[in-house]
Amino acid sequence: MAITDILSAKDIESALSSCQADDSFNYKSFFSTVGLSSKTPDQIKKVFGILDQDKSGFIEEEELQLFLKNFSSSARVLTSAETKAFLAAGDTDGDGKIGVEVALTWLFLVS
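Cut-offs and rules
- Residues numbered from 1 in each chain as written.
- Predicted model: local features only at pLDDT ≥ 70, side-chain atom pairs only at ≥ 80, totals over all residues.
- Heavy atoms only, no water.
- Helix = DSSP H or I, 4+ residues; strand = E, 2+ residues; numbered from the N terminus.
- Rg over C-alpha atoms; globule rule 2.2 N^0.38 Å.
- Contact = heavy atoms within 4.5 Å.
- Buried < 20%, exposed > 50% of the residue type's maximum accessible area, 1.4 Å probe, protein only.
- Arc of directions from axis to C-beta.

Participant: Which residues make up the overall build of the protein, and what are the values?
Facilitator: For the protein, the count of helices and strands is six helices and two strands. In sequence order, the secondary structure elements of the protein are arranged as α-α-α-β-α-α-β-α. For 111 residues, the compact-globule estimate of 2.2 N^0.38 gives 13 Å, and the C-alpha radius of gyration of the protein, at 13 Å, lies within 12% of that figure. Across its three principal directions, the C-alpha atoms of the protein cover 35 × 30 × 25 Å. Sequence separation of 24 or more characterises 56% of the internal contacts of the protein that already satisfy a separation of 6 or more.

Structure follows, in structure tokens:
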């Protein structure tokens, strides 16, 4: 399954263009612009499965650093500061990773 099966290419392009410069990534505005905030729980779980590259059931720091590349192979990697801030926002239990249930709750809280 491709991410464009769930999210529109136009919304992806718009979201990526808003964070091209280093340290310009804002997860709340990215989620909103790309359309994740308006998706159903099932659709969010499918996107989570794409983002969970190692299929561990969690998105870890290394996967978060490559977050934008899941939307376009030509996108940049997140800076260390962006990655750490992104992880801190979603890692509610301090285990260094984000689970699907946390991701679902998180997306509905930021929308």
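Participant: Give me the lowdown on helix 5 (residues 80-90), citing residues and values where you can.
Facilitator: What helix 5 keeps buried is the set E82, T83, F86, L87 and G90. The arc that holds every buried residue of helix 5, seen down its axis, measures 130°, which confines them to one face.

Participant: Describe unusual backbone geometry, listing the residues and the values that go with them.
Facilitator: Residues other than glycine seldom take positive phi values, yet D23 does so here, at roughly 65°. Within the element layout of this structure, D23 appears in the loop between helix 1 (9-17) and helix 2 (27-34). The class of D23 is exposed, set by a relative accessible area of 53%. Phi at K55 is positive, roughly 55°, even though this residue is not glycine. Position of K55 relative to the elements: it lies in the loop between helix 3 (41-51) and strand 1 (58-60). You can call K55 exposed: its relative accessible area is 58%.

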